[in-house]
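# Commentary on secondary and tertiary structure
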Amino acid sequence: MFSRAIKPVASVAAQNGLKNFSTSSQKNFKVVVAGAAGGIGQPLALLLKQNKLVTRLALYDIAPVTPGVGVDLSHMDTPAKVTGHQGPDQLADAIKGADVVVIPAGVPRKPGMTRDDLFNTNASIVRDLAACVAKNSPKAIIAIITNPVNSMVPIASEVMKKAGVYDPNRILGVTTLDVVRAAAFIGEINGVDPQTVSIPVIGGHSGVTIIPLLSQSKPAVKLSDQGKIDALTKRIQEAGTEVVKAKAGGGSATLSMAYAGARLTGSVLRGLKGESNVVECAYIKSDLTEATYFANPVVLGKNGVEKNLGFGSLNDYEKQLLKAAIPELQKNIKTGEDFAKK
Ligand SMILES: NC(=O)c1ccc[n+]([C@@H]2O[C@H](COP(=O)([O-])OP(=O)(O)OC[C@H]3O[C@@H](n4cnc5c(N)ncnc54)[C@H](O)[C@@H]3O)[C@@H](O)[C@H]2O)c1
Ligand SMILES: O=C(O)C[C@H](O)C(=O)O
(Lines give C-alpha, C1' and ligand atoms only; values in the text may rest on other atoms or scores of the structure.)
(Ligands and ions follow the chains in the order given, each with its own letter.)
Protein backbone atom coordinates (compact mmCIF):
# COMPACT_ATOMS: atom_id res chain seq x y z
CA MET A 1 0.00 0.00 0.00
CA PHE A 2 2.66 2.51 0.99
CA SER A 3 5.83 2.92 -0.93
CA ARG A 4 8.99 1.88 0.89
CA ALA A 5 9.72 -0.59 3.64
CA ILE A 6 12.42 0.63 6.00
CA LYS A 7 13.01 -1.88 8.77
CA PRO A 8 11.14 -3.88 11.33
CA VAL A 9 10.68 -2.30 14.75
CA ALA A 10 12.82 -4.27 17.19
CA SER A 11 10.73 -6.11 19.79
CA VAL A 12 11.87 -6.17 23.37
CA ALA A 13 9.14 -8.67 24.24
CA ALA A 14 11.63 -11.50 24.45
CA GLN A 15 13.84 -9.51 26.84
CA ASN A 16 10.83 -9.05 29.08
CA GLY A 17 9.89 -12.71 28.98
CA LEU A 18 6.69 -12.10 27.05
CA LYS A 19 5.44 -15.01 24.99
CA ASN A 20 3.81 -14.72 21.62
CA PHE A 21 0.25 -14.87 22.93
CA SER A 22 -1.81 -15.11 19.75
CA THR A 23 -2.66 -18.51 18.40
CA SER A 24 -2.64 -18.85 14.65
CA SER A 25 -6.40 -19.24 14.44
CA GLN A 26 -7.69 -16.94 17.15
CA LYS A 27 -10.82 -15.17 15.94
CA ASN A 28 -12.45 -14.34 19.26
CA PHE A 29 -11.21 -11.21 20.90
CA LYS A 30 -11.95 -9.21 24.02
CA VAL A 31 -11.86 -5.46 23.46
CA VAL A 32 -12.03 -2.93 26.29
CA VAL A 33 -13.11 0.67 25.78
CA ALA A 34 -11.83 2.84 28.65
CA GLY A 35 -13.80 6.07 28.60
CA ALA A 36 -16.78 4.20 27.14
CA ALA A 37 -19.50 6.58 28.35
CA GLY A 38 -18.06 9.63 26.61
CA GLY A 39 -18.60 11.41 23.33
CA ILE A 40 -16.18 9.08 21.54
CA GLY A 41 -16.61 6.06 23.80
CA GLN A 42 -20.31 5.47 23.16
CA PRO A 43 -20.31 5.56 19.34
CA LEU A 44 -17.00 3.67 19.33
CA ALA A 45 -18.59 0.93 21.44
CA LEU A 46 -21.59 0.93 19.10
CA LEU A 47 -19.31 0.33 16.10
CA LEU A 48 -17.20 -2.30 17.89
CA LYS A 49 -20.36 -4.19 18.91
CA GLN A 50 -20.89 -4.70 15.17
CA ASN A 51 -17.41 -6.13 14.56
CA LYS A 52 -17.66 -9.92 14.29
CA LEU A 53 -14.11 -10.40 15.58
CA VAL A 54 -15.17 -8.88 18.90
CA THR A 55 -16.74 -11.56 21.07
CA ARG A 56 -16.39 -9.70 24.38
CA LEU A 57 -16.75 -5.96 24.70
CA ALA A 58 -15.99 -4.48 28.12
CA LEU A 59 -17.05 -0.87 28.67
CA TYR A 60 -15.24 1.00 31.43
CA ASP A 61 -15.81 4.56 32.61
CA ILE A 62 -16.12 6.49 35.85
CA ALA A 63 -19.50 7.94 34.78
CA PRO A 64 -22.61 6.53 36.50
CA VAL A 65 -24.30 5.88 33.14
CA THR A 66 -21.69 3.26 32.17
CA PRO A 67 -23.59 0.10 33.26
CA GLY A 68 -26.61 1.46 31.38
CA VAL A 69 -24.60 2.00 28.22
CA GLY A 70 -23.58 -1.67 28.53
CA VAL A 71 -27.17 -2.83 28.98
CA ASP A 72 -28.29 -0.69 26.03
CA LEU A 73 -25.67 -2.14 23.67
CA SER A 74 -26.25 -5.69 24.95
CA HIS A 75 -29.69 -5.62 23.29
CA MET A 76 -28.12 -5.45 19.83
CA ASP A 77 -28.37 -8.76 17.96
CA THR A 78 -24.65 -9.07 17.25
CA PRO A 79 -22.37 -11.72 18.82
CA ALA A 80 -20.22 -9.63 21.18
CA LYS A 81 -21.07 -10.11 24.86
CA VAL A 82 -21.12 -6.64 26.45
CA THR A 83 -20.25 -5.85 30.06
CA GLY A 84 -20.36 -2.45 31.77
CA HIS A 85 -17.84 -1.54 34.49
CA GLN A 86 -18.08 1.68 36.49
CA GLY A 87 -15.40 3.15 38.71
CA PRO A 88 -11.87 2.12 39.70
CA ASP A 89 -13.08 -0.87 41.76
CA GLN A 90 -14.37 -2.47 38.57
CA LEU A 91 -11.45 -1.58 36.29
CA ALA A 92 -9.38 -4.74 36.83
CA ASP A 93 -12.35 -6.95 35.93
CA ALA A 94 -12.88 -4.97 32.75
CA ILE A 95 -9.22 -5.29 31.75
CA LYS A 96 -8.61 -8.98 32.58
CA GLY A 97 -8.31 -11.13 29.46
CA ALA A 98 -8.24 -8.15 27.11
CA ASP A 99 -6.66 -8.48 23.67
CA VAL A 100 -7.07 -4.78 22.89
CA VAL A 101 -7.64 -1.83 25.22
CA VAL A 102 -8.79 1.32 23.46
CA ILE A 103 -8.47 4.50 25.56
CA PRO A 104 -10.60 7.60 24.82
CA ALA A 105 -10.83 8.47 28.55
CA GLY A 106 -10.17 12.07 29.47
CA VAL A 107 -11.22 15.63 28.81
CA PRO A 108 -11.61 17.13 25.32
CA ARG A 109 -10.68 20.65 24.15
CA LYS A 110 -12.83 23.75 24.26
CA PRO A 111 -12.32 26.67 21.82
CA GLY A 112 -9.03 28.48 22.45
CA MET A 113 -7.32 25.45 24.00
CA THR A 114 -4.44 23.44 22.57
CA ARG A 115 -4.22 19.68 23.01
CA ASP A 116 -1.29 20.28 25.37
CA ASP A 117 -3.67 22.19 27.67
CA LEU A 118 -5.32 18.81 28.35
CA PHE A 119 -2.10 17.26 29.62
CA ASN A 120 -2.51 18.02 33.34
CA THR A 121 -5.91 16.32 33.53
CA ASN A 122 -5.39 13.47 31.09
CA ALA A 123 -1.85 12.37 32.00
CA SER A 124 -2.81 10.73 35.28
CA ILE A 125 -5.90 9.12 33.71
CA VAL A 126 -3.79 7.41 31.03
CA ARG A 127 -1.04 6.55 33.54
CA ASP A 128 -3.51 4.80 35.85
CA LEU A 129 -5.26 2.94 33.04
CA ALA A 130 -1.90 1.76 31.65
CA ALA A 131 -0.85 0.59 35.12
CA CYS A 132 -3.99 -1.52 35.35
CA VAL A 133 -3.32 -3.03 31.91
CA ALA A 134 0.27 -3.78 32.97
CA LYS A 135 -1.03 -5.68 35.99
CA ASN A 136 -4.04 -7.46 34.54
CA SER A 137 -3.46 -7.90 30.80
CA PRO A 138 0.17 -7.06 30.09
CA LYS A 139 0.05 -8.49 26.58
CA ALA A 140 -2.96 -6.47 25.42
CA ILE A 141 -2.50 -4.01 22.58
CA ILE A 142 -3.12 -0.49 23.92
CA ALA A 143 -4.56 2.05 21.47
CA ILE A 144 -4.51 5.58 22.89
CA ILE A 145 -6.98 8.17 21.61
CA THR A 146 -6.70 10.53 24.62
CA ASN A 147 -4.98 13.86 23.93
CA PRO A 148 -2.29 14.98 23.77
CA VAL A 149 -1.53 11.68 22.00
CA ASN A 150 2.09 12.77 21.41
CA SER A 151 2.68 12.73 25.19
CA MET A 152 0.24 10.00 26.27
CA VAL A 153 2.00 7.20 24.35
CA PRO A 154 5.34 7.94 26.10
CA ILE A 155 3.50 7.95 29.46
CA ALA A 156 1.92 4.53 28.84
CA SER A 157 5.28 3.23 27.60
CA GLU A 158 7.09 4.37 30.76
CA VAL A 159 4.39 2.78 32.92
CA MET A 160 4.81 -0.55 31.12
CA LYS A 161 8.61 -0.27 31.45
CA LYS A 162 8.33 0.32 35.21
CA ALA A 163 6.11 -2.77 35.46
CA GLY A 164 8.62 -4.81 33.43
CA VAL A 165 6.13 -5.67 30.71
CA TYR A 166 7.02 -3.14 28.00
CA ASP A 167 6.64 -4.14 24.39
CA PRO A 168 6.76 -1.12 22.06
CA ASN A 169 4.89 -3.07 19.40
CA ARG A 170 1.82 -3.18 21.60
CA ILE A 171 1.35 0.54 22.32
CA LEU A 172 -0.19 2.67 19.57
CA GLY A 173 -1.19 6.31 19.47
CA VAL A 174 -4.32 6.61 17.36
CA THR A 175 -3.72 9.01 14.44
CA THR A 176 -6.26 7.35 12.15
CA LEU A 177 -8.54 10.40 12.21
CA ASP A 178 -5.84 12.44 10.45
CA VAL A 179 -5.71 9.81 7.69
CA VAL A 180 -9.50 9.66 7.46
CA ARG A 181 -9.71 13.46 7.20
CA ALA A 182 -6.98 13.67 4.58
CA ALA A 183 -8.76 11.03 2.49
CA ALA A 184 -12.12 12.81 2.94
CA PHE A 185 -10.72 16.17 1.79
CA ILE A 186 -8.77 14.68 -1.14
CA GLY A 187 -11.80 12.65 -2.20
CA GLU A 188 -13.80 15.88 -2.33
CA ILE A 189 -11.11 17.75 -4.28
CA ASN A 190 -10.60 14.93 -6.77
CA GLY A 191 -14.30 14.07 -7.06
CA VAL A 192 -13.70 10.42 -6.11
CA ASP A 193 -14.89 8.07 -3.38
CA PRO A 194 -12.67 8.98 -0.37
CA GLN A 195 -12.35 5.29 0.46
CA THR A 196 -10.34 4.80 -2.72
CA VAL A 197 -7.79 7.39 -1.56
CA SER A 198 -4.57 6.15 0.05
CA ILE A 199 -2.65 8.88 1.89
CA PRO A 200 -0.01 8.49 4.60
CA VAL A 201 -0.11 11.05 7.42
CA ILE A 202 3.07 10.96 9.49
CA GLY A 203 4.63 12.63 12.55
CA GLY A 204 2.26 13.04 15.47
CA HIS A 205 -1.24 14.23 16.35
CA SER A 206 -1.24 17.98 16.94
CA GLY A 207 -0.81 21.05 14.73
CA VAL A 208 2.55 21.11 12.97
CA THR A 209 3.32 17.52 13.98
CA ILE A 210 0.55 16.31 11.63
CA ILE A 211 2.28 15.84 8.27
CA PRO A 212 0.09 14.67 5.39
CA LEU A 213 2.32 13.36 2.60
CA LEU A 214 0.25 14.75 -0.24
CA SER A 215 3.00 13.89 -2.74
CA GLN A 216 2.35 10.20 -1.96
CA SER A 217 -1.43 10.36 -2.34
CA LYS A 218 -2.94 7.72 -4.57
CA PRO A 219 -4.60 8.93 -6.70
CA ALA A 220 -2.47 12.08 -7.01
CA VAL A 221 -4.13 15.15 -5.50
CA LYS A 222 -5.61 17.31 -8.25
CA LEU A 223 -4.22 20.63 -7.08
CA SER A 224 -2.40 22.86 -9.52
CA ASP A 225 -0.16 25.04 -7.36
CA GLN A 226 1.89 24.97 -4.18
CA GLY A 227 -0.36 27.55 -2.48
CA LYS A 228 -3.28 25.13 -2.69
CA ILE A 229 -1.14 22.24 -1.44
CA ASP A 230 -0.11 24.42 1.50
CA ALA A 231 -3.75 25.35 2.25
CA LEU A 232 -4.85 21.69 2.17
CA THR A 233 -1.93 20.69 4.42
CA LYS A 234 -2.90 23.37 6.95
CA ARG A 235 -6.55 22.34 6.80
CA ILE A 236 -5.60 18.75 7.66
CA GLN A 237 -3.29 19.96 10.46
CA GLU A 238 -6.03 22.17 11.91
CA ALA A 239 -9.04 19.94 11.21
CA GLY A 240 -9.45 19.10 14.91
CA THR A 241 -9.63 22.81 15.72
CA GLU A 242 -12.18 23.26 12.90
CA VAL A 243 -14.46 20.81 14.75
CA VAL A 244 -13.75 22.32 18.19
CA LYS A 245 -14.74 25.78 16.86
CA ALA A 246 -17.84 24.44 15.10
CA LYS A 247 -19.00 22.66 18.28
CA ALA A 248 -18.64 26.02 20.08
CA GLY A 249 -17.77 24.73 23.56
CA GLY A 250 -19.54 21.37 23.15
CA GLY A 251 -16.32 19.36 22.83
CA SER A 252 -14.20 18.09 19.96
CA ALA A 253 -14.54 15.45 17.26
CA THR A 254 -16.44 12.43 18.57
CA LEU A 255 -18.32 10.73 15.73
CA SER A 256 -15.55 10.87 13.13
CA MET A 257 -13.13 9.80 15.88
CA ALA A 258 -15.32 6.85 16.81
CA TYR A 259 -15.36 5.84 13.14
CA ALA A 260 -11.57 6.19 12.93
CA GLY A 261 -11.04 4.39 16.25
CA ALA A 262 -13.26 1.50 15.17
CA ARG A 263 -11.29 1.26 11.94
CA LEU A 264 -7.94 1.15 13.76
CA THR A 265 -9.23 -1.37 16.32
CA GLY A 266 -10.65 -3.52 13.52
CA SER A 267 -7.28 -3.46 11.77
CA VAL A 268 -5.46 -4.40 15.01
CA LEU A 269 -7.84 -7.36 15.39
CA ARG A 270 -7.35 -8.45 11.77
CA GLY A 271 -3.61 -8.40 12.42
CA LEU A 272 -3.99 -10.40 15.64
CA LYS A 273 -6.11 -12.91 13.74
CA GLY A 274 -3.26 -13.48 11.34
CA GLU A 275 -4.44 -11.54 8.30
CA SER A 276 -1.49 -10.32 6.23
CA ASN A 277 -0.78 -6.84 4.88
CA VAL A 278 -2.94 -4.96 7.36
CA VAL A 279 -1.51 -1.44 7.14
CA GLU A 280 -2.46 1.62 9.21
CA CYS A 281 -0.68 4.78 10.27
CA ALA A 282 -0.01 4.85 14.02
CA TYR A 283 2.16 6.78 16.48
CA ILE A 284 4.67 4.33 17.90
CA LYS A 285 8.14 4.00 19.41
CA SER A 286 10.45 4.79 16.55
CA ASP A 287 14.04 5.27 15.54
CA LEU A 288 13.37 6.70 12.09
CA THR A 289 13.89 10.33 13.11
CA GLU A 290 15.26 12.28 16.09
CA ALA A 291 11.81 12.01 17.68
CA THR A 292 11.69 8.78 19.66
CA TYR A 293 7.98 8.30 18.93
CA PHE A 294 6.69 8.91 15.42
CA ALA A 295 3.62 8.09 13.33
CA ASN A 296 3.77 6.51 9.91
CA PRO A 297 2.38 3.42 8.13
CA VAL A 298 2.98 0.14 9.95
CA VAL A 299 1.99 -3.46 9.29
CA LEU A 300 -0.18 -4.86 12.06
CA GLY A 301 0.24 -8.53 12.90
CA LYS A 302 -0.19 -11.20 15.55
CA ASN A 303 1.83 -9.23 18.10
CA GLY A 304 0.78 -5.70 17.29
CA VAL A 305 3.19 -3.71 15.13
CA GLU A 306 4.90 -6.27 12.93
CA LYS A 307 6.82 -3.97 10.64
CA ASN A 308 7.51 -0.25 10.42
CA LEU A 309 7.03 0.79 6.80
CA GLY A 310 8.67 4.18 7.28
CA PHE A 311 7.61 7.11 5.18
CA GLY A 312 9.43 6.91 1.87
CA SER A 313 10.88 9.97 0.20
CA LEU A 314 9.62 13.46 0.94
CA ASN A 315 9.61 16.43 -1.40
CA ASP A 316 11.25 19.70 -0.29
CA TYR A 317 8.00 21.09 1.11
CA GLU A 318 7.39 17.94 3.16
CA LYS A 319 11.00 17.99 4.40
CA GLN A 320 10.31 21.47 5.80
CA LEU A 321 7.15 20.18 7.50
CA LEU A 322 9.16 17.37 9.07
CA LYS A 323 11.82 19.82 10.25
CA ALA A 324 9.15 21.91 11.98
CA ALA A 325 7.52 18.84 13.56
CA ILE A 326 10.56 17.21 15.17
CA PRO A 327 11.28 19.78 17.95
CA GLU A 328 7.59 19.90 18.86
CA LEU A 329 7.41 16.10 19.01
CA GLN A 330 10.58 15.95 21.11
CA LYS A 331 9.10 18.48 23.54
CA ASN A 332 5.80 16.56 23.79
CA ILE A 333 7.62 13.24 24.31
CA LYS A 334 9.83 14.69 27.05
CA THR A 335 6.79 16.13 28.84
CA GLY A 336 5.19 12.69 28.89
CA GLU A 337 8.33 10.84 29.93
CA ASP A 338 9.16 13.34 32.68
CA PHE A 339 5.64 13.02 34.09
CA ALA A 340 5.74 9.22 34.11
CA LYS A 341 9.20 9.10 35.69
CA LYS A 342 8.24 11.42 38.57
N1 LIG B 1 -6.63 10.91 18.86
C2 LIG B 1 -7.55 11.64 18.25
O3 LIG B 1 -7.55 11.79 17.03
C4 LIG B 1 -8.66 12.26 19.05
C5 LIG B 1 -9.82 12.73 18.39
C6 LIG B 1 -10.84 13.28 19.16
C7 LIG B 1 -10.72 13.37 20.55
N8 LIG B 1 -9.58 12.92 21.14
C9 LIG B 1 -9.43 12.97 22.61
O10 LIG B 1 -10.21 11.92 23.19
C11 LIG B 1 -10.51 12.26 24.55
C12 LIG B 1 -11.98 12.00 24.84
O13 LIG B 1 -12.79 12.85 24.09
P14 LIG B 1 -14.39 12.79 24.24
O15 LIG B 1 -14.94 13.79 23.28
O16 LIG B 1 -14.87 11.41 24.18
O17 LIG B 1 -14.57 13.36 25.74
P18 LIG B 1 -15.81 13.15 26.72
O19 LIG B 1 -15.64 14.10 27.84
O20 LIG B 1 -17.07 13.19 25.95
O21 LIG B 1 -15.61 11.66 27.23
C22 LIG B 1 -14.52 11.29 28.02
C23 LIG B 1 -14.97 10.18 28.94
O24 LIG B 1 -13.84 9.82 29.73
C25 LIG B 1 -14.36 9.49 31.00
N26 LIG B 1 -13.30 9.49 32.00
C27 LIG B 1 -12.74 10.53 32.65
N28 LIG B 1 -11.82 10.09 33.52
C29 LIG B 1 -11.79 8.75 33.40
C30 LIG B 1 -11.04 7.72 34.03
N31 LIG B 1 -10.14 7.99 34.98
N32 LIG B 1 -11.26 6.45 33.64
C33 LIG B 1 -12.17 6.17 32.69
N34 LIG B 1 -12.92 7.09 32.07
C35 LIG B 1 -12.73 8.36 32.44
C36 LIG B 1 -15.44 10.50 31.26
O37 LIG B 1 -16.31 10.08 32.30
C38 LIG B 1 -16.10 10.56 29.91
O39 LIG B 1 -17.17 9.65 29.81
C40 LIG B 1 -10.07 13.72 24.70
O41 LIG B 1 -8.83 13.78 25.36
C42 LIG B 1 -9.93 14.21 23.28
O43 LIG B 1 -9.05 15.27 23.15
C44 LIG B 1 -8.56 12.37 20.42
O1 LIG C 1 -8.81 18.50 18.12
C2 LIG C 1 -9.00 17.89 19.17
O3 LIG C 1 -8.84 18.41 20.28
C4 LIG C 1 -9.51 16.48 19.14
C5 LIG C 1 -8.74 15.61 18.20
O6 LIG C 1 -7.38 15.57 18.49
C7 LIG C 1 -8.99 15.92 16.76
O8 LIG C 1 -8.03 15.95 15.99
O9 LIG C 1 -10.15 16.11 16.38
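Please read all numbers here as calculations on a predicted model, not as lab measurements.

Right, let's get into the side chain of T209. Within the secondary structure layout, T209 lies in the loop between β7 (201-203) and β8 (210-212). Here H205 takes part through its backbone nitrogen, which lies 3.4 Å from a polar atom of the side chain of T209. Those residues in contact with T209 that lie beyond four places of it in its chain are N150, I202, G203, G204, A325, E328 and L329.

This part covers the domain arrangement of the chain. Domains assigned within the chain are domain 1 (9-173) and domain 2 (176-341). Measuring from the centre of the C-alpha atoms in domain 1 to the corresponding centre in domain 2 gives 20 Å. Residue-level contacts link 51 residues of domain 1 with 49 residues of domain 2. Between domain 1 and domain 2, a total of about 4200 Å² is buried, with carbon and sulfur atoms accounting for 66% of that surface. Taken together, the links from domain 1 to domain 2 amount to zero salt bridges. Here domain 1 is connected to domain 2 by 12 residue pairs in polar contact (both at pLDDT 80 or more).

The end-to-end C-alpha separation of helix α9 (residues 255-273) is 27 Å, in line with the 27 Å expected for 19 residues at 1.5 Å each. Following α9 by one or two positions, G274 has its phi on the positive side, about 110 degrees.

Let us now look at the site of ligand 2. Near ligand 2 you find R109, R115, N147, L177, R181, H205, G240, S252 and A253, and these make up its full shell. With respect to ligand 2, the side chain of R115 contributes an N or O atom lying 2.8 Å from an oxygen atom. H205 places a side-chain nitrogen or oxygen 2.5 Å from an oxygen atom of ligand 2. According to the grid-proximity analysis, the pocket containing ligand 2 is the largest pocket. A class-by-class count of the residues in the shell around ligand 2 yields two nonpolar, four polar and three charged. Viewed by domain, the shell around ligand 2 spans two of them, domain 1 (9-173) and domain 2 (176-341), each represented by three or more residues.

With that out of the way, let us pick up the UniProt feature "domain: Lactate/malate dehydrogenase N-terminal" (unreviewed entry) in the chain. UniProt marks residues 30-173 with the feature "domain: Lactate/malate dehydrogenase N-terminal" (unreviewed entry), using the numbering shown here. Helix makes up 38% of residues 30-173 and strand makes up 21%, while its end C-alpha atoms are separated by 19 Å.

With that settled, consider the environment of P219. Counting through the fold element by element, P219 comes out in the loop between β8 and α7 (226-237). The class of P219 is partly exposed, set by a relative accessible area of 35%. With 23 residues separating them along the chain, P219 and T196 place their C-alpha atoms 8.1 Å apart. Excluding anything up to four places from it in sequence, P219 contacts N190, T196 and V197.

With that settled, the discussion passes to the pairing of strand β2 (residues 54-61). Most of β2 sits inside the fold, with six of its eight residues counted as buried. Of the strand pairs in this sheet, strand β1 (residues 29-34) and β2 are connected by six bridges, and their pairing is parallel. Within β2, the residue paired with V32 across the bridge is A58. Each parallel crossover has a hand, and the one from β1 via helix α1 (residues 41-48) to β2 is right-handed. The sheet contact formed by β2 and strand β3 (residues 81-86) spans six bridges and is parallel. If you follow L57 over to β3, its bridge partner there is V82.

Criteria and cut-off values
Residues numbered from 1 in each chain as written. Chains lettered and ligands numbered in written order. Predicted model: local features only at pLDDT ≥ 70, side-chain atom pairs only at ≥ 80, totals over all residues. Heavy atoms only, no water. Helix = DSSP H or I, 4+ residues; strand = E, 2+ residues; numbered from the N terminus. Polar contact = N/O pair within 3.5 Å; in protein donor to acceptor, adjacent residues only side chain to side chain. Contact = heavy atoms within 4.5 Å. Domains from an automatic or database assignment. Buried area = accessible area lost by both parts, 1.4 Å probe. Salt bridge = Lys/Arg side-chain N within 4 Å of Asp/Glu carboxyl O. Expected span 1.5 Å × (residues − 1). Near = heavy atom within 4 Å. 1 Å grid on protein atoms, 1.4 Å probe; cavity = no way out; pocket = protein on both sides within 12 Å on 5 of 7 lines; lining within 4 Å. Sits in = over half its atoms within 2 Å of the grid points. Nonpolar A, V, L, I, M, F, W, Y, C, P; charged D, E, K, R; others polar. UniProt positions renumbered as here; feature names shortened; annotations may be inferred. Buried < 20%, exposed > 50% of the residue type's maximum accessible area, 1.4 Å probe, protein only. Pairing = 2+ DSSP bridges. Right-handed = clockwise from strand over helix to strand, strands pointing away.

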